[in-house]
Structures are given as C-alpha cells and as structure tokens.
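# Overview (structure and organization)
What follows is the residue order along each chain.
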Amino acid sequence: MKQLLEFIPLVLFFAVYKLSGIRDAAITLVVATVVQLIILKIKYGQIEKQQIIMGIAVVFFGLLTAYFNEVKYLQWKVTIIYALFAAILLIGQFVFKTPLIRKLLGKEIELPDPAWRKLNLGWAGFFVLCMLTNIYISQYYSEEIWVDFKSFGIIGMTLIATLITGVYIYRYLPKDKD
C-alpha cells in the first residue's frame, strides 16, 4: 500500500501533463505530494527522511515550475535529488566509513562488510547514472519525452537496479540444507 501511495503523485502528474500541460501538472504534483505526505503521517505515524526531502523538493521546484510555466525547474529537481542521494552515499562511505545502504537494509539482511561497501557504491553509481541521464534527456530531447522519461524511464531504471541488487545479495543469503 505504501509503495502504491508513493506513485500516485507521479501518475497524476503524467496524466495532467498529457491533458493540460506543465503548469497544471506541476500544481497537481505539488498538491498530490502534500496530500500523500499527510496520508503517510496519519496512516503510519511518521514520514521517512527521504520522503520529507523529496516532498520539500517537489513543493519548491513544482511551485517554481507552475509560477514560471517552465519545465526546467522540475528537470533540475530530478538532477539535484539524484546528485544529493549519490553524495550522501559516497560521503557516508568515504568520510564516515559507513555504507549507508546498510542502515536501510541491514535490519532485514546480513552481509559481510565488503558486500555492503560494494552495494553502497553500486547505488551511488546508479544515482549518478540517473542524474546524468536526466540531464542528457532534459537537454537534448523534447519536454514531452522528458516527462515520459521522468514518469516511466526512471521507474524502469530503478526496477533494474533493484533486480541487480537482489541478484548480488542472493549469494550471501543463508542456504536451506533440505
């Protein structure tokens, strides 16, 4: 339910963009994101830090996009968020000597330290790839293609990265001796 709730603002953004353009889509995205955060708070009692950061970025860049009727602000939001995620993972690993992916997944699975470091670097690299792909598409393709990429391409990339993560982690999972 929680994951489905997180996709609703994006789906509404895409639908309104196709029907009415970027200004109305940006307003819809902002309103849907605020409503989403309120529902998360009521239903789960708290909002995760990542969701708060994303919510603030969506409201800020979404309102700029709506006010100026210019998609570049939302395009920069995507770039900045992915750069921020990559930087946080890399700083955690190289400055604080802690792969932050372990903090996210460490309660569910147990991996050796080198595996956590590789996984952390892999996700940092993934966020850099998303950031660079977003920059490329936003600069060299039409607004409509960028909206399609933002709505579906990034989800596809994330799904592939998650599957690769699962395959990587699988080798470290305990084996049944049946």
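Here the structure is shown first, and the text comes after it.
Figured I'd write up the structure that's included with this text. (Residues numbered from 1 in each chain as written. Predicted model: local features only at pLDDT ≥ 70, side-chain atom pairs only at ≥ 80, totals over all residues. Heavy atoms only, no water.)

## Comments concerning the pattern of salt bridges
As enumerated under the stated definition, the model contains 3 salt bridges in all. Lys18 is the partner of Glu144 in a salt bridge, and the nearest nitrogen-oxygen pair spans 3.2 Å. Of this pair, Glu144 sits in helix α7 (residues 143-170) while Lys18 sits in helix α1 (residues 2-20), placing them 126 residues apart in sequence. On the basis of relative accessible area, Glu144 is assigned to the partly exposed category, the value being 44%. For Lys18, a relative accessible area of 35% corresponds to the partly exposed category. (Salt bridge = Lys/Arg side-chain N within 4 Å of Asp/Glu carboxyl O. Helix = DSSP H or I, 4+ residues; strand = E, 2+ residues; numbered from the N terminus. Buried < 20%, exposed > 50% of the residue type's maximum accessible area, 1.4 Å probe, protein only.)

## Some points on the side chain of Asn134
Among the secondary structure elements, Asn134 is positioned in helix α6 (residues 113-140). At 2.6 Å, the side chain of Asn134 and the side chain of Trp146 are in polar contact. Contact partners of Asn134, with chain neighbours within four places excluded, come to Gln75, Val78, Thr79, Trp146 and Phe149. (Polar contact = N/O pair within 3.5 Å; in protein donor to acceptor, adjacent residues only side chain to side chain. Contact = heavy atoms within 4.5 Å.)

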